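# Descriptive analysis of the structure
Chain by chain, the residues run as shown.
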Amino acid sequence: MRALSDIDVVGVVGAGTMGNGIAQVAAAAGYDVVMRDIEEEYVEKGLDAVEESLDRLAAADRLGEDPAAIRDRIAGTTDLDDLAAADLVIEAAVEDLDVKRDIFADLDAVTDGDVILATNTSTLSITSIASATGRASDVIGLHFMNPVPVMDGVEVVVGERTDDAVVDFAHAFAADLGKETWESDDKPGFVTNRILMPWINEGVRAYDEGVADREDIDRGMKLGTNVPMGPLELADHIGLDVVVDASETLHAELGDRYKPAYLLTRKVEAGDLGKKTGRGFYEYGGEEE
């Protein structure tokens, strides 16, 4: 297993919202990054998102160096073999267990045997993902919060066979990125989504049942519990499809209290996924519904 001082190149699998955010914060911490996705279009969109994010942070005087220097430390690729140079790999692909297991089996073959393999999964079993490799002791969950460049937290999730030294490494690496950590056992939903998904779903049910309008539900939770976003705002920010997927995973594991709210699934079926599609519980870039 490699120590933090051995890490020069960080591999990231997935160039979407979470993947490009992880690539950005790793590059901002001084690491060279190889960000891989399956299509060149996705890679380019990820790199563009990094540039836009860095420009916003620079305008707010929240970067310690020129944004172009950080961007130049990120290389994009569609070739998984390019991750052979990585000293640590963080997977941030679609939240599908079979997909992740396939990726980890490929990473196990491509990377050196002492490379730690981390997953950004928010609900899926670290132990199951790790079992697709021959190095389960070196597999761990590094669950970054969205948006990665802004949020301070990383959830460290410990699989059944994760080595204690790998757990220590994960905390140290996250701290090196300027993040604070908490630790969870490999139980469904971990700490964050086990608590967060019912909270969002109950907010959706309250709105659907006419308890209050959407603004008052969100305002009440913000003022009443000191959270930065209410449940409907947060669902739009995360992506309603992501919330449904996470809720369905937890529903299968933990029972009916995690069943996705009807209005939530209906909006997903309509294609109203939140900010990323311009419309969810609120509208973005136009008149609100």
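Under an unreviewed UniProt entry, the protein has the name 3-hydroxyacyl-CoA dehydrogenase family protein and belongs to Halorubrum trueperi.

## Thoughts on the pairing of strand 2 (residues 32–36)
Counting buried positions along strand 2 yields 4 of 5 residues, so the element is predominantly enclosed. The sheet contact formed by strand 1 (residues 9–13) and strand 2 spans 5 bridges and is parallel. Paired with V12 across the bridge in strand 2 is M35. For the segment spanning strand 1, helix 1 (residues 17–28) and strand 2, crossover handedness is right-handed. Taken together, the 4 bridges between strand 2 and strand 3 (residues 74–77) define a ladder with parallel strand orientation. By the bridge assignment, M35 is partnered in strand 3 with G76.

## Comments concerning the nonpolar core
With 38 residues, the main nonpolar core has I90, L142, F144 and F173 as its most contacted residues. Apart from the residues within four sequence positions on either side, F144 is in contact with M18, I22, V25, I90, N120, G153, V154 and L177. Membership of the second largest hydrophobic core comes to 21 residues, among which are V13, V34, V89 and V139.

## Brief notes about the packing of aromatic side chains
Following the criterion strictly, the structure yields 3 aromatic pairs and no others. When the centroid spacing of 5.5 Å and the interplanar angle of 50° are considered together, the rings of Y31 and F173 count as tilted. You can see Y31 sitting in the loop between helix 1 and strand 2 and its partner F173 sitting in helix 6 (residues 164–176), a full 142 residues away along the chain. Relative accessible area serves as the criterion here: at 6%, Y31 is assigned to the buried category. Geometrically, the ring pair formed by Y207 and F281 is edge-to-face, given 6.1 Å between the ring centres and 75° between the ring planes. Pair noted here: Y207 is in helix 7 (residues 192–208) and F281 is in the segment after helix 11 (262–269), with a separation of 74 residues, a long-range link. An aromatic cluster of three or more residues is present, and its members are Y31, F169 and F173.

## Things to note about a negative patch on the surface
There is a patch of like negative charges on the surface, built from D96, D98, D102, D106, D245 and E248. Sorting the residues of the negative patch by element identifies helix 4 (97–110) and helix 10 (240–254) as the ones contributing at least two each. Broken down by element, the residue count for the negative patch peaks at 3 residues, all from helix 4. Mapped onto the secondary structure, D96 falls in the loop between strand 4 (88–91) and helix 4.

## Some thoughts on the UniProt feature "site: Important for catalytic activity" (unreviewed entry) in the protein
Within this structure's numbering, the places UniProt gives as "site: Important for catalytic activity" (unreviewed entry) are H143. In contact with H143, other than residues within four places in its own chain, are T119, N120, T121, S122, G153, V154, E155, T192 and N193. Polar contacts involving the side chain of H143 include one to the side chain of E155, which spans 2.8 Å.

## Looking at the sheet that holds strand 5 (residues 116–119)
Across the sheet, 8 strands lie side by side as 3-2-1-4-5-6-7-8; this open sheet has mixed pairing. Strand pairing shows two members of the sheet lacking a second neighbour, strand 3 and strand 8 (180–185), which therefore form its edges. For this sheet, the mean angle separating the axes of adjacent strands, direction not counted, is 25°. Examined bridge by bridge, strand 1 and strand 4 share 4 bridges and lie parallel to one another. Counted as the bridge partner of V13 is E91 from strand 4. Each of strand 2 and strand 3 is contacted by helix 2 (residues 40–59), which is oriented at about 160° to strand 3, the strand it contacts most.

Calculation rules
Residues numbered from 1 in each chain as written. Predicted model: local features only at pLDDT ≥ 70, side-chain atom pairs only at ≥ 80, totals over all residues. Heavy atoms only, no water. Buried < 20%, exposed > 50% of the residue type's maximum accessible area, 1.4 Å probe, protein only. Helix = DSSP H or I, 4+ residues; strand = E, 2+ residues; numbered from the N terminus. Pairing = 2+ DSSP bridges. Right-handed = clockwise from strand over helix to strand, strands pointing away. Core = buried A, V, L, I, M, F, W, Y, C linked by side-chain atoms within 4.5 Å. Contact = heavy atoms within 4.5 Å. Phe/Tyr/Trp six-rings, centres within 6.5 Å; stacked < 30°, edge-to-face > 60°. Patch = residues over 30% accessible without salt bridge, like charges linked within 9 Å, V, L, I, M, F, W, Y side chains within 5 Å. Areas by Shrake-Rupley, 256 points an atom, 1.4 Å probe, with all protein chains shown as cover. Salt bridge = Lys/Arg side-chain N within 4 Å of Asp/Glu carboxyl O. Lys, Arg positive; Asp, Glu negative; His and termini not counted. Charge placed at Lys NZ, Arg CZ, Asp CG, Glu CD. UniProt positions renumbered as here; feature names shortened; annotations may be inferred. Polar contact = N/O pair within 3.5 Å; in protein donor to acceptor, adjacent residues only side chain to side chain. Axes fitted to C-alpha atoms, helices over the stretch in contact; angles between N-to-C directions.

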